[in-house]
Amino acid sequence: MAALAGRALPLAIRDYLEGGADNEWTLARNRSVFDEWVLAQHTLVDVSNVDAGADLLGYPSAMPLMLSPTGMSQLFHASGEAAVARAAAAAGVPYGLSTMATTSIEAIAATGANRYFQLYLFRDRGLTKALLDRAATNGYGALCLTVDTAIAGNRERDLRSGMIMPPRFTLGSLMSFAIHPRWSLGALKNRSFQLANVVEHVGDIGSAGTSVIDYVNAQFDRSATWKDVEWLRAQWSGMLVIKGMMMPGDCASAVACGVDAIMVSNHGGRQLDTAAAPIDYLPAIRDRIQDDAQLIADGGIRRGTDVLKAIALGADGCSIGRPYLYGLAAGGEAGVTRVLSIFRSEIERDMGLMGRTRIADITTDDVDHISQFRSKPGNAWAAAKPNRIAP
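Just so we're clear, the structure is a prediction, and the values are computed from it rather than from any experiment.

Caption draft 1: Here's a closer look at helix α6 (residues 125-137). Relative to the 18 Å expected for 13 residues at 1.5 Å per residue, α6 spans 18 Å between its end C-alpha atoms, a close match to the ideal helical length. Taken as a whole, α6 has its buried residues at Leu127, Thr128, Leu131, Leu132, Arg134 and Ala135. The buried side chains of α6 occupy one side of the element, clustering within an arc of 155° when seen end-on.

Caption draft 2: Focus on unusual backbone geometry. Even without being glycine, Asp22 reaches a positive phi, approximately 50°. Mapped onto the fold, Asp22 is located in the loop between α2 (11-18) and α3 (25-32).

Caption draft 3: The nonpolar core, seen in detail. In terms of nonpolar packing, the biggest core is built from 97 residues, with Leu65, Leu67, Phe76, Tyr95, Phe117 and Leu282 touching the most fellow members. The leading source of residues in this core is helix α16 (residues 322-354), at 12 residues. When neighbours within four sequence positions are excluded, Phe76 is seen to be in contact with Leu9, Ile13, Tyr16, Leu17, Gly71, Trp183, Leu325, Leu328 and Ala329. Grouped together as the second largest cluster of nonpolar side chains are 11 residues, Ala54, Leu56, Met66 and Val241 included.

Caption draft 4: Highlighting the pairing of strand β6 (residues 115-119). With five of five residues buried, β6 lies mostly within the body of the structure. Residues Arg115, Phe117 and Leu119 point to one face of β6 and Tyr116 and Gln118 to the other, with burial holding for every one of them. Direction of pairing for strand β5 (residues 95-97) relative to β6: parallel, over a ladder of three bridges. Residue pairing across strands places Tyr95 opposite Arg115, the latter belonging to β6. Crossover handedness for the path β6 to α6 to strand β7 (residues 142-146): right-handed.

Caption draft 5: View of the pattern of salt bridges. Enumeration over the complete set of coordinates arrives at 16 salt bridges. Two residues, Arg356 and Asp366, come together in a salt bridge whose shortest N-O distance is 3.1 Å. Within this pair, whereas Arg356 is found in the loop between α16 and β12 (367-369), its partner Asp366 is found in the loop between α16 and β12, the two being separated by 10 residues in sequence. What you see here is one network of salt bridges that share partners, running through Asp15, Glu24 and Arg157.

Caption draft 6: Structural detail: α3. Restricting attention to buried positions, one finds in α3 the residues Thr26, Leu27, Arg29 and Asn30. Relative to the axis of α3, the buried residues are bounded by an arc of 165° and lie together on one face.

Caption draft 7: Representation of the packing of α6 against helix α12 (residues 226-235). Two elements in contact, α6 and α12, have axes separated by 11 Å at closest approach and are oriented at 35°. Crossing angle aside, the handedness with which α6 passes α12 is right-handed. Judged by residue contacts, Arg125, Thr128, Lys129 and Leu132 of α6 engage Asp228, Trp231, Leu232 and Gln235 from α12. Residues of the contact of α6 with α12, tallied by class, amount to three nonpolar, two polar and three charged.

Caption draft 8: Just the environment of Ala261, in detail. Structurally, Ala261 is set in strand β9 (residues 261-265). Ala261 sits in the buried class, given a relative accessible area of 0%. With 55 residues separating them in the primary sequence, Ala261 and Asp316 have C-alpha atoms 9.7 Å apart. Discounting chain neighbours no more than four positions away, the residues touching Ala261 are Leu57, Leu240, Val241, Ile242, Ala293 and Gln294.

Conventions used here
- Residues numbered from 1 in each chain as written.
- Predicted model: local features only at pLDDT ≥ 70, side-chain atom pairs only at ≥ 80, totals over all residues.
- Heavy atoms only, no water.
- Helix = DSSP H or I, 4+ residues; strand = E, 2+ residues; numbered from the N terminus.
- Expected span 1.5 Å × (residues − 1).
- Buried < 20%, exposed > 50% of the residue type's maximum accessible area, 1.4 Å probe, protein only.
- Arc of directions from axis to C-beta.
- Core = buried A, V, L, I, M, F, W, Y, C linked by side-chain atoms within 4.5 Å.
- Contact = heavy atoms within 4.5 Å.
- Pairing = 2+ DSSP bridges.
- Right-handed = clockwise from strand over helix to strand, strands pointing away.
- Salt bridge = Lys/Arg side-chain N within 4 Å of Asp/Glu carboxyl O.
- Axes fitted to C-alpha atoms, helices over the stretch in contact; angles between N-to-C directions.
- Left-handed = near helix turned anticlockwise from the far one by under 90°.
- Nonpolar A, V, L, I, M, F, W, Y, C, P; charged D, E, K, R; others polar.

Listed below in structure tokens is the structure:
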């Protein structure tokens, strides 16, 4: 799917999807960290009936996987967020709609997906309040507050290509658009492209000489604190989720503020480079908060085994962003459906190979760090592995 998406998208759009901050060390580590853990393989267990079902954010889910909120999905395919939501509904997994989506809160509600809404703490609290009220009115069961974007990360791929807001495309980017006519024609025909959940709250800004993008960028609040989380908790009666938190102490503070779930995330390696990967902190976070909140591992998930390792390390489930966007770019709704089908088949098969028939049966006993094998003399496989950061 990533290869198909790479062929379908112009370079600037592909780099926007795949890129990270600075040297992209954290982006790479989000993936490579999974190679540091091995799964236990229990045998002579009756695995004739494997059930991968889970409860995520108050929703029943066909597998311990949900879809992260991603901004401006119509950049990757004209069908955008609506196609992703329909695929999620068909697969029986929760879908997160971004404030920066190109499809409205109301339109996604009409898809019937089990949905949650991602929100920022804007300087204009009236805008924040209006968005959460719309989410409540339209049956969004959870509100997800993103807390790691008060300052934008240094995404150098986007700076080089001109994929910034508003765009300032380079000659090379424009040439890439020209040699991807199918994408370019689809973009030209897609006249509905806008920040659908914000534009109606902006009002008449044309006379002020600004744009919706400029307005939104100016609204990110660098002064937000725990008191603002407490304010949001008082405003929202449903499940409250925080996304973009990894420090165990911060997670404990979130629980104290009444947060129900934490998406342990470094924003896909797009914010602070050289930050650790989410699963580096999962065991410590689980130990700190016990069962007081759900933990969702967000970042680097590409395989069913990745999901099962995260669960063994303390997560209740995982969320994906780039994988389903690859599917969207490659084939619209059908592409997203295919990605989710791959994940489900891998999760169920790998559970059976582990000798585990329910997600609740997966524990810390089902995972080991490879450093434990390096200490054993004569282990040629372990000796061939490069040294990596210990958990």
